[in-house]
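Observations on the model geometry
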Amino acid sequence: MQTAGTPDSSTKRVHKGEWGAAGLSALYFFSVLSAYYVVRPVREQFSAAVGSTNLPWFYLATFIATLLLTPVFAWLSANYPRRIVVPGVYAFFIACLLGFIPLFNQQGLMTPRELGTLFFVWVSVFNLFVVSVFWTFMTDIWRPEQAKRLFPMIALGGTIGTIVGPMLTRSLVNVIGVAPLLAVSALLLCGSFVCIVLLSRWSSATATATERASYDKGVGGSMFDGLKQIFTNPFVGGMAILMLLGDGIGTVNYALVADYTGQTFTDAAERTAFAANVDLATNSLVVITQLVLTRWILTRWGIVPAVLIWAFGATLSLLAVALVPDAGAAINGASSAAASAQLTGGLWPFVMNMPWVVMALVVSRALMYGILGPARESMFAAVPRNLRYQGKNAVDTAVWRFGDLAISTSMSAMKSIGTTVGQFAGVAAAAGLAAAWVGYRLARNAERSRTDTDQDDSQ
């Protein structure tokens, strides 16, 4: 019998019969994230244009929209099988993308500020739901043991999408304009729809009779069960706290970079190109992390080290910002006046002229998506289906956007009393240390639960 942390060699490879479904899962995630990252820079230039002081209003609208949609998804999951709910979510967002095109093309239908606010809120909701539903579907078709082996590889497919998306935007925005990018995103999202259908057929064909029966019906419960589980289920509640702490890191980083972008670049196309470069640098680091570290850590050492690497890595990057006198200066020591180098040339010139405040965002995001993401989702693979479809979705959407709102509002209040960039970074670093403790406890309990289950199965 193998203990946690010392798996045999079979846990380090894709087993026979898994390659096709694993490949489709990776392609599904590629389609989802490439579609999102095509339109993400468009959203970012809106937030950079208004500055971080207006972000609380954006986040308030996003939180309200998410809070309204979360019970709707919970109700759908409770009453309809996944073969209807999951593709239905993607069909809805494809239709929305196409509906935005005339709003971008025809002047006068909405003011630029109204369109910017609406699009920011919609993209923020779109991102959370399509990614949350993807991982919920993954935890439903893959068993816990498979999740640890396969989720890093599947996540790599999504990471490739996060690189392709910004590259498409950077290449096309000055050629076809902003509005046609929405059609490109919708086309990519159609690929996820096809993958869902094929994976559903594979899952039903390989499932046991009991599993097939559960797949053909909803998970039960009420439309508010997902929100209730945050307060009544210890695991979901712990995940909510970890999400809020991670949001403390991410939102502070995001707001600081939004201010830097707005102060440095005055043109909308320049802001869009800069946001695409930030995404490209981040996601290139995610690929390196997933290829070099993630799968090896999860299969050999388990979830605990993966969570701690993310938390401590984000903390150290924020401490660097807190201790550097000019966080807007490039990490190579050059003045931030060399901003043109961040828009021209390849990835390496951008990285060499990256300001410290942008470096912290890139590092923390890369570790969150490259290491924490697969580790976190593998924990959800071992919980009951109602927690995956309802509690997990509530954490991934409503809790996340509540954190955005609370933290951005707090930042605005702190700015009014003269809080500096370094002080903001120090507060976020403290959140990183707290996340290390909470994440450690959650991951350790998950590993213990999985070990106990494996022992019961072997007897």
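Going by what an unreviewed UniProt entry lists, the protein is known as MFS transporter and is assigned to Aquilutibacter rugosus.

**Side note on empty space enclosed by the protein**
Counted by the stated rule, this structure contains four cavities of 30 Å³ or more. The wall of the largest cavity is formed by 45 residues, among which N127, L128, M368, Y369 and W400 lie closest to the centre. Counting residues per element, the ones that place at least two in the lining of the largest cavity are α1 (19–50), α4 (112–141), α5 (144–176), α9 (234–264), α10 (268–300), α13 (356–380) and α14 (385–416). Looking at which element gives the most residues to the lining of the largest cavity, the answer is α13, with ten residues. For the lining of the largest cavity, the per-class residue count stands at 22 nonpolar, 13 polar and ten charged.

**Description of the nonpolar core**
If you look at the biggest cluster of nonpolar residues, it comprises 65 residues, and the most contacted ones within it are I230, I303, W310 and V358. Only α8 (225–232), α9, α10, α11 (303–323), α13, α14 and α15 (421–458) provide two or more residues apiece to this core. Contact partners of V358, with chain neighbours within four places excluded, come to V257, Y260, F274 and V278. Ranked by size, the runner-up nonpolar core spans 59 residues in total, among them V32, Y90, L115 and A147.

**Describing the environment of D140**
Following the sequence through the fold, D140 ends up in helix α4. Spatially, the C-alpha atoms of D140 and R388 are 7.9 Å apart, while their sequence positions differ by 248 residues.

**Quick look at the packing of aromatic side chains**
Working definition: an aromatic ring pair is given by the centre-to-centre distance plus the angle between the planes. With the rule as written, the count across this model stands at 25 aromatic pairs. Between the aromatic rings of F104 and F119, the centroid separation amounts to 5.1 Å while the plane-to-plane angle is 80 degrees, which identifies the pairing as edge-to-face. Here F104, found in helix α3 (residues 82–105), pairs with F119, found in helix α4; they are 15 residues apart in sequence, far enough to count as distant. The burial state of F104 is the same as that of F119; both residues are buried. Ring pairing ties together the aromatic residues Y36, Y37, F92, F93, F100, F104, F119, W122 and F126, which thus form one cluster. In this structure, K392 packs its charged tip against the face of F380, placed 5.5 Å from the ring centre. Looking at R401, its charged tip hangs above the ring of W400, at a distance of 5.6 Å from the centre.

**Focus: the environment of R149**
Mapped onto the fold, R149 is located in helix α5. Judged by relative accessible area, which is 1%, R149 ranks as buried. Note: C-alpha distance between R149 and T299 (150 residues apart in sequence) is 6.2 Å. One polar contact links R149 to E18, side chain to side chain, over a distance of 2.9 Å.

**Section: a nonpolar patch on the surface**
A cluster of nonpolar side chains, I288, L291, V292, L293, W296 and W301, forms an exposed patch at the surface whose accessible area comes to about 650 Å². Mapped onto the fold, W296 is located in helix α10. W296 gets classed as partly exposed once you look at its relative accessible area, which sits at 46%.

**Describing the environment of F137**
Mapped onto the fold, F137 is located in helix α4. Given a relative accessible area of 0%, F137 falls into the buried group. Residues F137 and R82, 55 residues apart in the sequence, show an inter-C-alpha distance of 8.1 Å. Apart from the residues within four sequence positions on either side, F137 is in contact with Y28, R82, V86, I196, L199, S200 and Y389.

**A short note on the pattern of salt bridges**
For the coordinates displayed, the defined rule picks out nine salt bridges. The salt bridge involving E377 is made with R376; its shortest N-O contact spans 2.9 Å. Overall, E377 belongs to the buried group, its relative accessible area being 5%. With a shortest N-O distance of 2.3 Å, R401 and D404 are connected by a salt bridge. One end of the pair, R401, and the other, D404, are both in helix α14, three residues apart, so they sit about a helical turn from each other. Per residue, the accessibility class of R401 equals that of D404, and both read buried. The network of salt bridges with common partners includes R376, E377, K392 and D396.

**Some remarks on the packing of α4 against helix α6 (residues 179–206)**
Remark: α4 packs on α6, axes separated minimally by 12 Å, with the N-to-C direction vectors making an angle of 20 degrees. One finds that α4 runs roughly parallel with respect to α6. The way α4 lies across α6 gives a crossing that is left-handed. Here F119, F126, F137, M138 and I141 of α4 lie close against α6, whose contacting residues are L182, L189, I196, L199, S200, W202 and S203. Within the contact of α4 with α6, the residues separate by chemical class into ten nonpolar, two polar and no charged.

Each value, and the rule that gives it
Residues numbered from 1 in each chain as written. Predicted model: local features only at pLDDT ≥ 70, side-chain atom pairs only at ≥ 80, totals over all residues. Heavy atoms only, no water. 1 Å grid on protein atoms, 1.4 Å probe; cavity = no way out; pocket = protein on both sides within 12 Å on 5 of 7 lines; lining within 4 Å. Points joined across faces, edges and corners; volume = space filled by probe spheres on them. Helix = DSSP H or I, 4+ residues; strand = E, 2+ residues; numbered from the N terminus. Nonpolar A, V, L, I, M, F, W, Y, C, P; charged D, E, K, R; others polar. Core = buried A, V, L, I, M, F, W, Y, C linked by side-chain atoms within 4.5 Å. Buried < 20%, exposed > 50% of the residue type's maximum accessible area, 1.4 Å probe, protein only. Contact = heavy atoms within 4.5 Å. Phe/Tyr/Trp six-rings, centres within 6.5 Å; stacked < 30°, edge-to-face > 60°. Lys NZ or Arg CZ within 6 Å of the ring centre and 35° of its normal. Polar contact = N/O pair within 3.5 Å; in protein donor to acceptor, adjacent residues only side chain to side chain. Patch = residues over 30% accessible without salt bridge, like charges linked within 9 Å, V, L, I, M, F, W, Y side chains within 5 Å. Areas by Shrake-Rupley, 256 points an atom, 1.4 Å probe, with all protein chains shown as cover. Salt bridge = Lys/Arg side-chain N within 4 Å of Asp/Glu carboxyl O. Axes fitted to C-alpha atoms, helices over the stretch in contact; angles between N-to-C directions. Parallel < 35°, antiparallel > 145°, perpendicular 65-115°, else oblique. Left-handed = near helix turned anticlockwise from the far one by under 90°.

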